[in-house]
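What the coordinates show
Read off the chains here:
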Amino acid sequence: MSAAMDTESTYSGYSHYSGHSKKAHRQGRDRHKSPRSKDGSRSEKSVTIQTPPAEPLLGNDASRAEEVQDDNWGETTTAITGTSEHSISQEDIARISKDLEDSVGLDCKRYLGLTVAAVLGLLVFLTPIAFILLPQILWRDDLEPCGTVCEGLFISVAFKLLILLIGTWALFFRQPKADLPRVFVFRALLLVLIFLFVFSYWLFYGVRILDSKDTNYQGIVQYAVSLVDALLFIHYLAIVLLELRQLQPMFTVKVVRSTDGESRYYSLGHLSIQRAALVVLENYYRDFTVYNPALLTASKSRAAKHMAGLKVYNVDGNNASGQSRAMIAAAARRRDSSHNELYYEEADHERRVKKRRARLVVAVEEAFTHIKRLQAEEQQKAPGEMMDPREAAQAIFPSMARALQKYLRTTRQQQYHSMESILQHLSFCITNNMTPKAFLERYLNPGPTLQYDRDRWFSKQWTLVSEEAVTSGLQDGIVFVLKCLDFSLVVNVKKIPFIKLSEEFIDPKSHKFVLRLQSETSV
């Protein structure tokens with residue numbers, strides 16, 4: 001009987017919401033038709049785009065269409081209708097198209113930089129080999145014979161080039177993690193240095209060896225060995241500038257999310273602003289809880305309700321100053337008592353969350369107890385008749401589905417957990433013989449952003465806003481902002497203070513003392 005009443009109330013609530021949404025849709029359509037002028041042109045430049053409800057988190061598109069229809073997986077049959085409140089203007093559309101063009105430009109710039117670096121690296125590795133082979137090709141008969149020392153230099157050049165190749169691959173040939181707005185200054189300086197270095201060696205080689213056709217072949221080989229040694233030192237310089245310089249912490253940054261105020265502290269070394277922003281974003285996806293706009297909706301509606309005071313009207317032009325003052329005072333008293341309403345609302349919400357949590361914990365424990373009983377029964381059967389974890393998860397999921405859905409709705413987490421993702425997590429816990437507490441950890445405590453589906457949390461583009469140049473280094477007091485579509489991260493940089501330690505010597509003899517006992521006789 002209670003279940004039927006709950007279902008009937010659910011239908012009535014959703015039907016009321018549906019009728020309200022249809023009425024709002026007709027009013028919005030009439031409102032858009034009304035501002036037309038006589039010549040047929042529109043007087044407004046904004047258009048409202050109505051989108052379907054948010055899709056659940058899925059990895060593939062095939063199951064995504066099925067789970068949109070089964071969003072309320074805890075109910076039997078429920079009809080949900082609604083309208084979207086998101087709007088977009090022509091300026092926003094133009095900005096989106098400009099962002100797409102900028103992304104194409106960033107791809108071209110990235111591939112151009114990779115091409116230049118690859119060509120320069122190929123030139124660097126082929127130059128010592130060319131220094132050794134060109135005399136053998138051009139004036140082989142005039143060269144002096146290469147002795148034992150010269151042949152030993154061949155082995156030295158070969159192994160040094162191999163070491164340089166491995167080190168260059170480990171340091172430079174990595175998968176890029178992000179597209180930065182500006183070039184990396186130290187890497188560009190290293191490329192320029194290598195180019196000037198190789199160019200100067202080729203210039204000296206062309207003037208002193210190729211033009212004069214030097215016959216001292218051992219000296220030519222030693223010249224190539226000196227080039228490889230210098231390239232190894234440049235590689236060591238690249239390791240110091242690109243990797244070791246930023247390891248020592250010099251600054252402490254405070255990262256604050258603009259919507260809910262969640263903050264974290266990180267220690268950074270000598271980095272540019274754009275590379276510091278990249279480090280902040282990498283730590284954000286790992287440390288910050290997932291952004292949930294549904295948690296902000298209740299606070300905004302409550303603030304709007306409390307800020308709305310009593311309206312005072314002057315009817316027929318009469319001067320009702322006394323009545324107006326009384327109504328204004330009543331509105332002030334109503335605003336002063338808003339903290340009591342906030343207190344009771346939060347207390348009631350906490351009570352409902354604890355109640356839903358207790359029901360969920362009991363339901364999950366009973367379901368896992370049933371799983372253990374099924375596993376004990378399956379062990380007595382033949383190996384071919386045993387139930388796999390997916391089937392076991394589907395067998396026990398209905399017993400906990402309603403309690404889990406009510407808890408997720410109360411805590412406003414339902415948009416981050418679909419039925420398919422919960423079944424996958426449940427089968428994973430069954431496969432690895434995990435406890436009910438381990439299964440509930442994902443739902444009782446909001447996890448980091450990386451825990452959820454990539455299509456939901458991952459922002460493809462961030463905007464770095466800074467008063468200083470993004471290629472300049474971090475300094476004390478610098479503030480920069482990382483913006484995405486829904487929120488922004490405000491980063492405040494503080495320098496780690498200089499710490500002065502002093503030593504105080506304690507004489508070991510100062511701790512010694514003498515205990516003197518006086519023997520007294522009692523009378």
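Residues numbered from 1 in each chain as written. Predicted model: local features only at pLDDT ≥ 70, side-chain atom pairs only at ≥ 80, totals over all residues. Heavy atoms only, no water.

So, the overall build of the chain
- Of regular secondary structure, the chain possesses 14 helices and seven strands.
- For the chain, contacts bridging at least 24 residues in sequence account for 74% of all contacts bridging at least 6. (Helix = DSSP H or I, 4+ residues; strand = E, 2+ residues; numbered from the N terminus. Contact = heavy atoms within 4.5 Å.)

Focus on the packing of helix 11 (residues 389-410) against helix 13 (residues 436-444)
- One can describe the packing of helix 11 onto helix 13 by two numbers: an axis separation of 11 Å at closest approach and a directional angle of 30°. Of the possible angle classes, the one that applies to helix 11 and helix 13 is roughly parallel. Mapping the contact onto sequence places M400, L404, Y407 and L408 in helix 11 and F439, Y443 and L444 in helix 13. (Axes fitted to C-alpha atoms, helices over the stretch in contact; angles between N-to-C directions. Parallel < 35°, antiparallel > 145°, perpendicular 65-115°, else oblique.)

Concerning the sheet that holds strand 6 (residues 479-483)
- Spatial strand order, 4-3-7-6-5: five strands in an open sheet with antiparallel pairing. Looking at strand neighbours, the two that pair on one side only are strand 4 (263-268) and strand 5 (463-466), the edges of this open sheet. Strand-to-strand twist of the sheet, defined as the mean angle between neighbouring strand axes without regard to direction, takes the value 25°.
- Sheet topology note: the strand 3 (residues 251-257)/strand 4 ladder contains six bridges and is antiparallel. Along strand 4, the bridge assignment pairs T252 with S267.
- Together, strand 3, strand 4, strand 5, strand 6 and strand 7 (488-495) form the strand contacts of helix 7 (residues 273-287), whose direction differs from that of strand 4 by roughly 135°. (Pairing = 2+ DSSP bridges.)

Quick notes on the nonpolar core
- By size, the foremost hydrophobic cluster in this structure holds 29 residues, and its most contacted members are F131 and F197.
- Mapped by element, the contributors of at least two residues to this core are helix 3 (90-138), helix 4 (148-172), helix 5 (185-210) and helix 6 (217-244).
- Examining the composition of this core, we find that eleven residues originate from one element, helix 6, more than from any other.
- Every residue in contact with F197, bar those within four places of it in the chain, is listed here: L227, A230, L231 and I234. (Core = buried A, V, L, I, M, F, W, Y, C linked by side-chain atoms within 4.5 Å. Buried < 20%, exposed > 50% of the residue type's maximum accessible area, 1.4 Å probe, protein only.)

Considerations on the packing of aromatic side chains
- Under the counting rule described, the total for this entry stands at 20 aromatic pairs.
- Ring geometry for Y291 and F487: centres 4.8 Å apart, planes at 45°, overall tilted. Of the two residues, Y291 sits in the loop between helix 7 and helix 8 (294-307) while F487 sits in the loop between strand 6 and strand 7, which places them 196 residues apart along the sequence.
- Look at Y291 and you get buried, because its relative accessible area is 13%.
- Three or more aromatic residues link up through ring pairs in this structure, and these residues are F131, F197, Y201, W202, F204, Y205 and Y223.
- The ring of F487 is capped by R257, whose NZ or CZ atom sits 5.9 Å from the centre of that ring.
- A cation over an aromatic ring shows up here: R264 above the ring of F288, its NZ or CZ 5.3 Å from the ring centre. (Phe/Tyr/Trp six-rings, centres within 6.5 Å; stacked < 30°, edge-to-face > 60°. Lys NZ or Arg CZ within 6 Å of the ring centre and 35° of its normal.)

Examining the environment of L162
- In this fold, L162 is placed in helix 4.
- In this structure L162 comes out as partly exposed when scored by relative accessible area, which is 44%.
- Along the primary structure L162 and F125 are separated by 37 residues, whereas in three dimensions their C-alpha atoms are 9.7 Å apart.

Some words on the UniProt feature "transmembrane region" (unreviewed entry) in the chain
- Under the local residue numbering, the UniProt record ascribes the feature "transmembrane region" (unreviewed entry) to residues 111-133, 153-172, 184-204 and 224-244.
- Across residues 184-204, helical content stands at 95% and strand content at 0%; the span's end C-alpha atoms are separated by 31 Å. (UniProt positions renumbered as here; feature names shortened; annotations may be inferred.)

Quick notes on the pattern of salt bridges
- Scanning the model with the defined rule gives nine salt bridges in all.
- Residue R264 is joined to E262 by a salt bridge in which the shortest nitrogen-to-oxygen separation is 3.0 Å.
- The exposure class of E262 is buried, given its relative accessible area of 15%. (Salt bridge = Lys/Arg side-chain N within 4 Å of Asp/Glu carboxyl O.)

Observations regarding the packing of helix 4 against helix 6
- The N-to-C vectors of helix 4 and helix 6 enclose an angle of 20°; their axes lie 10 Å apart at closest approach. Classed by the angle they form, the pair helix 4 and helix 6 counts as roughly parallel. By crossing handedness, the relation of helix 4 to helix 6 is classed as left-handed.
- Looking at side-chain class alone, the contact of helix 4 with helix 6 contains 19 nonpolar, five polar and three charged residues. (Left-handed = near helix turned anticlockwise from the far one by under 90°. Nonpolar A, V, L, I, M, F, W, Y, C, P; charged D, E, K, R; others polar.)

Quick look at a nonpolar patch on the surface
- A surface patch of nonpolar side chains, amounting to about 880 Å² of accessible area, comprises F154, I155, F159, L162, L165, I166, W169 and F173.
- Checked against the element boundaries, F154 lands in helix 4.
- You can call F154 partly exposed: its relative accessible area is 31%. (Patch = residues over 30% accessible without salt bridge, like charges linked within 9 Å, V, L, I, M, F, W, Y side chains within 5 Å. Areas by Shrake-Rupley, 256 points an atom, 1.4 Å probe, with all protein chains shown as cover.)

Regarding the side chain of T410
- Looking at the secondary structure, you find T410 in helix 11.
- In this structure T410 comes out as buried when scored by relative accessible area, which is 10%.
- A polar contact of 2.7 Å, which involves the side chain of T410, links it to the backbone oxygen of K406.
- Sequence-distant contacts of T410, defined by excluding residues within four places in its chain, comprise H349, R352, V353 and R356. (Polar contact = N/O pair within 3.5 Å; in protein donor to acceptor, adjacent residues only side chain to side chain.)

What about helix 11?
- Relative to the 32 Å expected for 22 residues at 1.5 Å per residue, helix 11 spans 29 Å between its end C-alpha atoms, a close match to the ideal helical length.
- At P398, helix 11 shows its strongest bend, of approximately 50°.
- Listing the buried residues of helix 11 in full gives A392, A393, I396, F397, M400, A401, A403, L404, Q405, Y407, L408 and T410.
- Following helix 11 by one or two positions, R412 has its phi on the positive side, about 60°. (Expected span 1.5 Å × (residues − 1). Bend = angle between axes of the 7 residues up to and from the residue.)

Considering unusual backbone geometry
- The backbone of K213 shows a phi angle near 50°, a positive value even though the residue is not glycine.
- Relative to the helices and strands, K213 is located in the loop between helix 5 and helix 6.

What about helix 12 (residues 419-431)?
- Compared with the 18 Å implied by 1.5 Å per residue over 13 residues, the 18 Å span of helix 12 between its first and last C-alpha is a close match.
- For helix 12, the full list of buried residues reads E420, S421, I422, L423, H425, L426, S427, C429 and I430.
- Directly beyond the C-terminal end of helix 12, a positive phi value near 55° is found at N433.

Observations concerning the state of the cysteines
- Under the defined criterion, the tally for this structure stands at one disulfide.
- Here C146 connects covalently by a disulfide to C150, the sulfurs 2.0 Å from one another. Its S-S torsion of about -115° marks the bond between C146 and C150 as left-handed, since a negative value means left-handed.
- By relative accessible area, which is 26% here, C146 ends up partly exposed. (Disulfide = S-S within 2.5 Å.)

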